[in-house]
Structures are given as C-alpha cells and as structure tokens.
Amino acid sequence: MNYSIKVNKLEKENWSTKAFVSVVFEESLKVTDITIRETKKGEIFVSMPGYKTSKKNEQGNPVYKNYFCPTTAEFRKELHDNIIKAYKSNAKEVNVTSGKNKVNVSVAMYPCNFNEKIESIGKIYIDKCFLIDGVRVIEGEKGSFVAMPTKTTEGKDGKTEYSEVCYPVTKEFREQLYGEIMKKSNEVKAQKNDIGGLAQERDFGDERLPFR
C-alpha cells in the first residue's frame, strides 16, 4: 500500500520519547500518536498508541491494548523500518509507494456487551495488514453515529479533552468508510432482532476505551 510518514521530533533530550509520528494511508486515512522511543541502552524503537483495559494479567497488572497496529510480521517490519528511516533522515515527510493506488478496507462489527449506548463495536482492516480496533456505532439523541478510537487528555482548565487517534482525511473516504461501518452495524442489529437469532458477541475487554 502507499502511505506517507510525518515525524515531529521532541526537543527534550532527557525524555525517552523522542518523536511523535503520524501515518496517512493512500491520502485517505490518518493514524496518529505513534511514538519513537529510546531504551536505556540508547536503542530506538517504534511504539503504537495504547490504552488500559479493565482486564488484568496473571500477575494482577492492567492489560493494555493498541488502538491500531500492523497485523502481519512483514508489514510490521516494513512500517517500523520506514518510520525509523524517516526519523533518522530528518525529512519532514517520507512517502512509501507499493504501486497500488487504492486502499482496500474491510469492516467487522459485533454486538457490544458492556455499554447499552453502544450499538456495535468492531475493527477496520486496511489491506489485511493493518488493524484499527474499537470503532463504535453509538446511539445518540439525533440518531446513530460512528465514533473512531479516541484518547482523553486533561486540558489546561482541568476538563477532559477528547481527540481521535485515527480518522478519514477526505470527505469521500469518510462517506465510504462510515457507510460500510453503519451497514455492518445495521446487520448486527437485524441479527439480534431476528426471532431465535443470536448475534456473535466479542469480548473486546476495552470498557475503558474513551468515546464522546
């Protein structure tokens, strides 16, 4: 797939986080908050943004999940290598071309089993090698709407601020993507409403994933 990488380096040398990175796939879908970090030994690596779930591991520590990530070892290596390359090159933007000119997107939606306001929750797959987790269809006062994965931060006034970590960057792709998400969500609703029909539930374990 074709994508562009932008790196925003941080000036504080004593921080383990060295830069924030965003990637735009096919000039259509942007993912943000990727970081480049440095270990105590001076080695740098790429870290995808994540959030704390309500689950705990065998040691009793919170389980974290990524908002999005590569799904194949091949693409993970390609993407991470290109991000590190962009960081070291000091270029404002690095474009990677695979010869394809259209992003291939598929959507899977499931019933939500932890919040009645959420009609469905699911995943977006990009060219079967990059996954966006936790996209939701929420029941609002003016009708159902799509909510992309969102992080929360505390503003200067102490109030909680919300920002999407990934989102469509063109009107055309937004309509295409959101239309497919709503279509799959409506199929989930119809399946749940069928007499004797049982929709498959997925335990995403991300009850603490914020949404507006």
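All of the points below concern the structure found in this document. None of these values were measured; they are calculated from a predicted model.

Once that is clear, we can look at the overall build of the protein. When helices and strands are counted, the protein shows two helices and 15 strands. Here the protein holds 212 residues, and 42% of them are scored as buried. Taking contacts inside the protein between residues at least 6 apart in sequence as the whole, the part at least 24 apart equals 50%. For the protein, the exposed area adds up to about 12700 Å²; of that, 45% sits on carbon and sulfur atoms.

Of note, Glu27 is a non-glycine position whose phi angle comes to about 55°, a positive value. Within the element layout of this structure, Glu27 appears in the loop between β2 (17-25) and β3 (29-38).

Moving on, we get to the nonpolar core. In this structure, Val23, Phe68 and Ile181 are the most contacted members of the largest nonpolar core, which totals 43 residues. In this structure, Ile181 is in contact with Val107, Met109, Ile124, Val135, Val137 and Val146, ignoring residues within four places of it in sequence. Cys112, Ile121, Ile138 and Ala147 belong to the second-largest nonpolar core, a separate cluster that totals five residues.

Let's shift gears to the pattern of salt bridges. By the definition in use, this model includes seven salt bridges. Asp81 serves as the salt-bridge partner of Lys77, at 2.7 Å between the closest nitrogen and oxygen. With a gap of four residues between them, Lys77 and Asp81 both fall in helix α1 (residues 73-89), about one helical turn apart. For the salt bridge of Asp133 with Lys123, the shortest nitrogen-to-oxygen distance reads 3.1 Å. Placement of Asp133 in strand β11 (residues 130-140) and of Lys123 in strand β10 (residues 118-126) is noted, with a sequence separation of 10 residues between them. Owing to a relative accessible area of 8%, Lys123 belongs among the buried residues under this scheme. A cluster of three or more residues bridged by salt bridges with shared partners is formed by Lys65, Lys123 and Asp133.

Cut-off values and rules
Residues numbered from 1 in each chain as written. Predicted model: local features only at pLDDT ≥ 70, side-chain atom pairs only at ≥ 80, totals over all residues. Heavy atoms only, no water. Helix = DSSP H or I, 4+ residues; strand = E, 2+ residues; numbered from the N terminus. Buried < 20%, exposed > 50% of the residue type's maximum accessible area, 1.4 Å probe, protein only. Contact = heavy atoms within 4.5 Å. Areas by Shrake-Rupley, 256 points an atom, 1.4 Å probe, with all protein chains shown as cover. Core = buried A, V, L, I, M, F, W, Y, C linked by side-chain atoms within 4.5 Å. Salt bridge = Lys/Arg side-chain N within 4 Å of Asp/Glu carboxyl O.

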